[in-house]
Protein chains: 2
Amino acid sequence: MRIVITGGAGFLGSHLSETLVARGHEVVAVDNLVTGRRANVRQLKASGRFELIEHDVTEPFDVDGDVDGILHFASAASPVDYLKLPIETLRVGSQGTQNALELAARKGARLVFASTSEVYGDPQVHPQPETYWGHVNPVGPRGVYDEAKRYAEALVLAYREARGVDAGIVRIFNTFGPRMRPNDGRAIPNFVRQALAGEPVTVSGDGEQTRSICYVDDLVAAILAMLLETHDPGPVNIGNPHEISMRDLAQWIIELAGSSSTLEFIERPTDDPTVRRPDTTKAQRLLGWSPQVPVETGLQRTIEWFRTEAASAPVLTPGQTEEILNR
Amino acid sequence: MRIVITGGAGFLGSHLSETLVARGHEVVAVDNLVTGRRANVRQLKASGRFELIEHDVTEPFDVDGDVDGILHFASAASPVDYLKLPIETLRVGSQGTQNALELAARKGARLVFASTSEVYGDPQVHPQPETYWGHVNPVGPRGVYDEAKRYAEALVLAYREARGVDAGIVRIFNTFGPRMRPNDGRAIPNFVRQALAGEPVTVSGDGEQTRSICYVDDLVAAILAMLLETHDPGPVNIGNPHEISMRDLAQWIIELAGSSSTLEFIERPTDDPTVRRPDTTKAQRLLGWSPQVPVETGLQRTIEWFRTEAASAPVLTPGQTEEILNR
């Protein structure tokens with residue numbers, strides 16, 4: 001099969017590309033490389049089944065030849081990134097999603113859209129089933145990401161209803177693993193980088209807020225099942241119900257890294273969710289899927305990657321990151 | 001002053017145009033006439049201060065000369081319309097709003113965006129202050145309208161923050177008055193049309209769900225104050241806190257119309273809000289505004305208009321309406 005992945009050089013996109021190529025599929029990654037990186041997919045070139053097109057998906061695009069499936073994963077995804085790119089983040093959710101859906105319509109391809117647990121906002125129902133409508137501040141600083149994703153969900157279903165496109169939605173909860181950008185501002189890369197450097201590990205607020213964290217290999221298995229094994233519209237929650245407080249997670253990473261770092265508590269971002277845990281009943285029923293990788297194993301692999309690969313990769317300073325984001 | 005009104009030939013847009021022209025301002029209405037009507041603004045031509053440009057605001061547009069203010073009011077607004085036009089409704093919220101904001105940026109004009117009480121969805125806080133985050137189903141049938149408006153709110157604030165556009169948001173609660181389309185499917189035109197025809201007045205569900213209804217003249221005063229007298233971002237609720245159940249409203253309209261119609265209860269639409277009432281504290285404080293027209297007076301004027309004008313206007317059959325919407 002031939003699969004188009006928008007955001008294919010990003011953290012999740014590159015893992016999806018890698019698995020599809022390993023299974024013998026062809027992948028066309030479309031990425032503007034604002035938060036994606038060539039280094040994430042360089043190893044796939046040798047297969048002869050991987051192509052990277054540098055393109056901003058908010059501009060119309062086409063792909064030559066047959067396309068059997070589309071994974072629409074392009075977006076800034078970390079608050080540090082999307083707060084710097086508010087209009088671009090909104091636009092990739094609206095125009096980017098529309099361009100991907102138009103491609104799906106032209107090619108007769110199934111499309112899976114990467115939505116997010118952020119559509120639940122700061123939830124008042126716990127854990128969150130797909131039927132929960134969410135608690136999102138449209139005019140808060142995080143609104144640019146959350147509302148872009150909620151809009152895109154509505155658009156995916158509108159194309160399904162009005163245009164007959166075989167499209168589905170996955171709502172991705174916090175995911176971690178190799179190739180997270182060390183400076184992307186999210187908790188796990190921050191914690192790992194700081195622990196490995198022996199610096200204070202910075203936890204926001206009192207650290208009692210929780211997330212449920214899923215190792216990337218498990219996520220990839222679920223996404224590919226949603227693409228290749230069903231025509232269901234979703235939305236389907238994909239995540240590991242293993243819920244942990246940010247304070248405990250920081251402590252755990254310090255221990256696994258064999259670090260002597262201490263915790264340092266910093267200001268908590270506006271509208272930061274207090275709790276987050278997926279109800280994965282639907283994923284189990286629909287996709288026969290449940291996470292297989294213990295969180296500890298995933299953390300060990302991630303720490304190991306940061307210790308070796310990330311250290312040897314050109315590490316961007318925050319100033320360089322900003323320059324790239326602003327270009 | 002020279003004011004651009006997207007959706008300027010629609011129900012609200014035509015009243016805004018009329019008041020601005022009457023006050024000596026120039027108005028450029030931009031409307032694709034899908035739910036707007038030339039007849040709504042025909043009387044303004046003679047002033048020499050009104051121009052109607054037939055254009056779909058989801059396509060880029062420019063306006064020659066100076067522009068001092070922009071009212072972005074283009075959108076299908078009735079469930080009957082937006083359920084038939086799901087992709088178009090999403091697109092006018094995203095691309096249409098972006099095009100209007102780009103015009104505001106180019107002209108250095110203040111823009112007021114017509115958001116809606118629908119951003120509160122089926123609210124769990126009553127009455128609704130602007131700080132309430134809402135309770136909206138992104139993947140329900142009404143999601144195409146509600147999420148388009150929530151997205152547009154986030155975009156307006158993103159342009160304000162990132163591009164320095166002087167933009168503000170009003171959240172418009174149910175409004176009624178002359179020039180509502182008799183077949184637009186909303187409760188008041190339905191009730192009035194049925195009462196005047198002596199047909200059964202159809203109330204959905206048990207009719208216990210409430211709305212707060214504002215006469216259009218009051219709404220116009222608030223919108224123009226938001227455009228001309230402040231640079232506040234909002235959001236600001238605009239509506240009449242006069243809350244009434246649909247059953248009582250139907251009964252009241254039957255009485256005011258001197259009709260012998262009876263009530264008929266029909267199926268309630270999916271995700272139809274149970275209650276709706278604006279907290280208007282902010283509008284009072286910021287704009288010195290509160291509604292002045294008693295609901296009974298407004299209903300009498302509306303009934304009178306439907307009795308005379310709507311009767312003499314070419315009344316579209318539901319089939320014709322559908323044809324126009326689908327063209």
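Residues numbered from 1 in each chain as written. Chains lettered and ligands numbered in written order. Predicted model: local features only at pLDDT ≥ 70, side-chain atom pairs only at ≥ 80, totals over all residues. Heavy atoms only, no water.

## Focus on the relation of the copies chain B and chain A
Now for step 1: With an axial shift of 0.0 Å and an RMSD of 0.0 Å, the rotation relating chain B to chain A amounts to 180°. Each copy turns onto its partner about a two-fold axis. (Least-squares fit on C-alpha atoms with pLDDT ≥ 70 in both.)

## A closer look at helix H4 (residues 143-163) of chain B
Think of an α-helix as turning once every 3.6 residues; residues three or four places apart then point the same way.
All names here are of chain B.
Now for step 1: Given a rise of 1.5 Å per residue, 21 residues ought to cover 30 Å, and the 28 Å separating the end C-alpha atoms of H4 matches this to within 8%.
Now for step 2: Judged by how many residues are buried, H4 sits mostly within the fold: 17 of 21 residues are covered.
Now for step 3: Immediately beyond the C-terminal end of H4, within one or two residues, lies Gly-164, with a positive phi of roughly 70°. (Helix = DSSP H or I, 4+ residues; strand = E, 2+ residues; numbered from the N terminus. Expected span 1.5 Å × (residues − 1). Buried < 20%, exposed > 50% of the residue type's maximum accessible area, 1.4 Å probe, protein only.)

## Examining the sheet that holds strand S2 (residues 26-31) of chain B
Residues and elements named next belong to chain B.
Now for step 1: The seven strands lie next to each other as S3-S2-S1-S4-S5-S6-S11, forming an open sheet whose pairing is parallel. Taken across any chain shown, the strands that pair with only one partner, and hence form the sheet edges, are strand S3 (50-54) and strand S11 (236-238). Strand-to-strand twist in this sheet, taken as the mean axis angle between neighbours without regard to direction, amounts to 20°.
Now for step 2: One ladder, built from five bridges, connects strand S1 (residues 2-6) with S2; its direction is parallel. For Ile-5, the partnering residue across the bridge sits in S2 and is Ala-29.
Now for step 3: Sitting on the sheet, helix H3 (residues 86-107) is in contact with S1, strand S4 (69-72), strand S5 (110-116) and strand S6 (167-172), with an inclination near 175° to S4. (Pairing = 2+ DSSP bridges. Axes fitted to C-alpha atoms, helices over the stretch in contact; angles between N-to-C directions. Contact = heavy atoms within 4.5 Å.)

## Description of the interface of chain B and chain A
Now for step 1: Across the contact, 33 residues belong to chain B and 33 residues belong to chain A.
Now for step 2: Taken over both partners, the interface formed by chain B and chain A buries close to 2,900 Å², and the fraction arising from carbon and sulfur atoms is 67%.
Now for step 3: In this assembly, chain B and chain A are joined by two salt bridges.
Now for step 4: Seen at the junction of chain B and chain A, the total is twelve residue pairs in polar contact (both at pLDDT 80 or more).
Now for step 5: Ranked by the residues each element gives to the side of chain B that touches chain A, the list is headed by H4(B), at 14 residues.
Now for step 6: Of the residues that constitute the side of chain B that touches chain A, the class distribution is 18 nonpolar, seven polar and eight charged. (Buried area = accessible area lost by both parts, 1.4 Å probe. Salt bridge = Lys/Arg side-chain N within 4 Å of Asp/Glu carboxyl O. Polar contact = N/O pair within 3.5 Å; in protein donor to acceptor, adjacent residues only side chain to side chain. Nonpolar A, V, L, I, M, F, W, Y, C, P; charged D, E, K, R; others polar.)

## A closer look at the UniProt feature "domain: NAD-dependent epimerase/dehydratase" (unreviewed entry) in chain A
Now for step 1: Taken from the UniProt record, the annotation "domain: NAD-dependent epimerase/dehydratase" (unreviewed entry) applies to residues 3-239 of chain A.
Now for step 2: Here residues 3-239 of chain A runs as 36% helix and 19% strand, with 23 Å between its end C-alpha atoms. (UniProt positions renumbered as here; feature names shortened; annotations may be inferred.)

## Brief notes about the packing of aromatic side chains
Now for step 1: Taken as a whole and judged by the stated rule, the model has eleven aromatic pairs over all chains.
Now for step 2: Both rings, one in Tyr120(A) and one in Tyr132(A), keep their centres 6.0 Å apart while their planes meet at 20°; by these two values the pair is stacked. Linking Tyr120(A) in the loop between strand S5 (110-116) and helix H4 (143-163) with Tyr132(A) in the loop between S5 and H4, this pair joins segments that are twelve residues apart in sequence.
Now for step 3: Looking at Tyr132(A), the relative accessible area reads 11%, which means it is buried.
Now for step 4: Centre to centre, the rings of Tyr120(B) and Phe173(B) are 6.0 Å apart; their planes meet at 40°, and the pair counts as tilted. Taken together, the positions of Tyr120(B) in the loop between S5 and H4 and Phe173(B) in the loop between S6 and strand S7 (175-176) put the pair 53 residues apart, joining distant regions of the chain.
Now for step 5: Look at Tyr120(B) and you get buried, because its relative accessible area is 0%. (Phe/Tyr/Trp six-rings, centres within 6.5 Å; stacked < 30°, edge-to-face > 60°.)

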